[in-house]
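Residue-level structure breakdown
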Amino acid sequence: MKDLVGLRETETADIENILSVAAEMKKILNQNVKKTNHLSNKSVATLFYENSTRTKTSFEIAAKFMGAALSGISAAQSSVQKGESLIDTGKTLDALCTDVIIIRHNASGAPHFLAKNVKASVINGGDGMNEHPTQALLDMFTVREEKGALKDLNVTIIGDVKHSRVARSNIWGMGRLGANITLCAPDTLLPKDIARTSVRVTTDADEAVRGADVVIGLRLQLERMKSGLIPSINEYNELFGLSERRMALADKDAMLLHPGPINRGAEIDGGAADAPYSFIERQVTNGVAVRMALLFLLTRG
Ligand code: CP
């Protein structure tokens, strides 16, 4: 692997390998001394055209723990504002001896385009409505850590599926590892091509959550909605929000995941977000382990 641009194009064996290496990295995270020299002569750059807290910070912490030279580029403060193209920005990072570029872009396919045009390894930190592979990998890691395996688990992904790159990456990734996936959203927030996939689809949130082993809530991506696709946040919360009442319908050992940022009172209630079955904070920690694993694997040469 030179790049990680999506789970659609990642082999099952590679996904398994990333998750296994992440388990080793998690052991390092649990030590007092978290520093390693895996990336001591490597250079890592984050190139973010969209806002981020978790993805950008966890890649930067991962790179620093592993001893890399790190540069964080925010498009808003870079020469992108003076008209520099994505390829020219990538070639500049190549010229600066960058080994790995982590890119987040509002255009679907931007990481794939960049990967074809630079020498550095490219990791997709989220591209438009296409994929967010490292989020799905950390979701899979978190489920495996708790349940042992994804195979035959009932995973419900509920919320704004239409605009969710996290949902797409999890459909590819968790599907490859044998999970049974149910998607739940109002009709207006389901992608048009969903009928061509092998996942179960429902617009009944209680039915979607009933008996689920894993429930993944998705944020309402109001910034990607061109027009009002939901009547009101209150009505959406009532019909599709993850509440303690709704979570009580899931399996008694069910896990609640959410990629963040969460909007309390919209797609998730505070009671559910803070419940013992919520793994939202564990997901963030595991994101560092998964990203350390990716940086290690892509720079091994
Ligand atoms: N889950 C996720 O991508 O969060 P950020 O937007 O904060 O990176």
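Here is what the cut-offs are and how they apply
- Residues numbered from 1 in each chain as written.
- Predicted model: local features only at pLDDT ≥ 70, side-chain atom pairs only at ≥ 80, totals over all residues.
- Heavy atoms only, no water.
- Helix = DSSP H or I, 4+ residues; strand = E, 2+ residues; numbered from the N terminus.
- Rg over C-alpha atoms; globule rule 2.2 N^0.38 Å.
- Contact = heavy atoms within 4.5 Å.
- Areas by Shrake-Rupley, 256 points an atom, 1.4 Å probe, with all protein chains shown as cover.
- Lys, Arg positive; Asp, Glu negative; His and termini not counted.
- Charge placed at Lys NZ, Arg CZ, Asp CG, Glu CD.
- Domains from an automatic or database assignment.
- Buried area = accessible area lost by both parts, 1.4 Å probe.
- Salt bridge = Lys/Arg side-chain N within 4 Å of Asp/Glu carboxyl O.
- Polar contact = N/O pair within 3.5 Å; in protein donor to acceptor, adjacent residues only side chain to side chain.

This brings us to the overall build of the protein chain. Counting its secondary structure elements, the protein chain contains eleven helices and nine strands. For 301 residues, the compact-globule formula gives about 19 Å, and the C-alpha radius of gyration of the protein chain, at 19 Å, lands near that figure. Summarising its shape, the C-alpha atoms of the protein chain cover approximately 55 × 45 × 35 Å along the three principal directions. Here the analysis covers contacts within the protein chain between residues at least 6 apart in sequence; of these, 74% occur between residues at least 24 apart. Only carbon and sulfur atoms are counted for the fraction: they give 49% of the accessible area of the protein chain, which is about 13,200 Å². The average position of the 36 basic charges and that of the 35 acidic charges among the side chains of the protein chain differ by 5 Å.

Once that is clear, we can look at the domain arrangement of the protein chain. By domain assignment, the protein chain separates into domain 1 (12–132 + 284–298) and domain 2 (133–279). Put simply, the middle of domain 1 and the middle of domain 2, counted by C-alpha atoms, are 25 Å apart. A per-residue breakdown of the area domain 1 buries against domain 2 is headed by Leu19, Met129 and His132, which together make up 30% of the total. For the interface between domain 1 and domain 2, the tally reads three salt bridges. The salt bridge partner of Lys26 is Glu145, with a shortest N-O separation of 2.8 Å. On inspection of domain 1 and its partner domain 2, the count reaches 14 residue pairs in polar contact (both at pLDDT 80 or more). For the side of domain 1 that touches domain 2, the secondary structure elements donating two or more residues are helix H1 (12–29), helix H2 (54–65), strand E3 (100–105), strand E4 (121–127) and helix H11 (280–298). Among the elements that make up the side of domain 1 that touches domain 2, the one with the highest residue count is H1 (nine residues).

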